[in-house]
Amino acid sequence: MMLFVAANGLIARKLLVKGISGALINFINFFACFVFYLLFVFFSGGQLVLSFVQFLVVLSMSVFFDYLGNVFYMQSIARAPNPGYGLVIMKSSVMITTLLAVLFFNSEISIKSVLAIAVILFSATVIFLSGSGKPKREIAKNWILPSLAALFCFSFFSLAMKYILGQGIDSKVVLAYVSLILSVMFYLDVRKNGKIHFYDLSRGVRIILAIGILLSAGVNWLFAEAIKAAPNPGYVGAFDAASSALVVLGAARLFKDHLSFGKLAGVFGTIAGLIILLFWP
């Protein structure tokens, strides 16, 4: 999942640089993912039927946690004096998820795991804030609340995913519903902005979008499988935070982005945190 998240982040950056809106990227990705999961469930002989309570859980976590989490996250990025601040707060949701999972699911937690997650979060903070340029002179004072809202949205989305998959539902079925709901939400966003220009996209951009669609389908499925299998869903969030190290290295190689000493130190710190989480007895 960490590898797919990093690759998908680089694809998204490439598309944004080419002027494709984030709402359009999300709509195309989620709608394609819905078709992919729907066909997968159909040909594998699965059932798409959910109970009323299960559907309400999926609907709620899709709209209130995943979609609104992304909306709040974008607001925090736009308003913060430095975009790295919002990223740091969002990634820190891993600690909230880890602690709440102990309360709700009696999930595993240990001093080693908390130490590893703390190292990863600190390293991610160094990566996001090191060499990111001077803060804006005009600072919007209302960036902290949407950042905190995004933090809790993403934390509860992971917990809700853990709960619904614990009911024995196939992850592809859950993802089909989530992808459909989110594709509708982002389609409405695209329509609201009056910008639907998919057929005007160049062949090169369409190829990049196709690769992004495959990566998105892989990210969502691997995320769900990791959440279901992990002794604590917060550990999956730790790998998500660690993906920032791969994005930094990939961006430096592919886009010639500046790789400062601070960012490189953050990369090595992230690796150290993963080693603690995975291999320290």
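Reading the values: rules and limits
- Residues numbered from 1 in each chain as written.
- Predicted model: local features only at pLDDT ≥ 70, side-chain atom pairs only at ≥ 80, totals over all residues.
- Heavy atoms only, no water.
- Helix = DSSP H or I, 4+ residues; strand = E, 2+ residues; numbered from the N terminus.
- Expected span 1.5 Å × (residues − 1).
- Polar contact = N/O pair within 3.5 Å; in protein donor to acceptor, adjacent residues only side chain to side chain.
- Contact = heavy atoms within 4.5 Å.
- pLDDT = per-residue confidence, 0-100.
- Axes fitted to C-alpha atoms, helices over the stretch in contact; angles between N-to-C directions.
- Left-handed = near helix turned anticlockwise from the far one by under 90°.
- Nonpolar A, V, L, I, M, F, W, Y, C, P; charged D, E, K, R; others polar.

**Section: helix α8 (residues 171-193)**
At step 1: Taking 1.5 Å per residue, 23 residues should reach 33 Å; α8 reaches 33 Å between its end C-alpha atoms and fits that length.
At step 2: Where α8 starts, the residue carrying a side-chain oxygen 3.1 Å from the main-chain nitrogen of Lys172 turns out to be Asp170.

**Details of the side chain of Ser183**
At step 1: By the secondary structure assignment, Ser183 is in helix α8.
At step 2: Among all residues touching Ser183, those that are not within four sequence positions of it are Phe27, Phe30 and Phe31.

**What about the environment of Ala23?**
At step 1: Within the secondary structure, Ala23 sits in helix α2 (residues 22-43).
At step 2: With 163 residues separating them in the primary sequence, Ala23 and Phe186 have C-alpha atoms 5.7 Å apart.
At step 3: Apart from residues no more than four positions distant in its own chain, Ala23 is found in contact with Phe186, Asp189 and Val190.

**A closer look at unusual backbone geometry**
At step 1: At Asn106, a position not held by glycine, the phi torsion is positive, near 55°.
At step 2: In this fold, Asn106 is placed in the loop between α5 (93-105) and α6 (111-129).

**Focus: the confidence of the model for the chain**
At step 1: Across the chain, pLDDT averages 86, with 89% of residues at or above 70.
At step 2: Mean pLDDT across the secondary structure elements of the chain bottoms out at helix α4 (residues 83-91), with 71, and peaks at α8, with 92.

**A look at the packing of α2 against helix α9 (residues 203-229)**
At step 1: Closest axis-to-axis distance for the α2/α9 pair is 9 Å, and the angle between their directions is 60°. In this structure, α2 meets α9 at a crossing whose hand is right-handed. Here Ile28, Asn29, Phe30, Ala32, Cys33, Phe36 and Tyr37 of α2 lie close against α9, whose contacting residues are Leu209, Gly212, Ile213, Ser216, Ala217, Asn220 and Trp221.
At step 2: A breakdown of the residues in the contact of α2 with α9 according to their chemical character gives 10 nonpolar, four polar and no charged.

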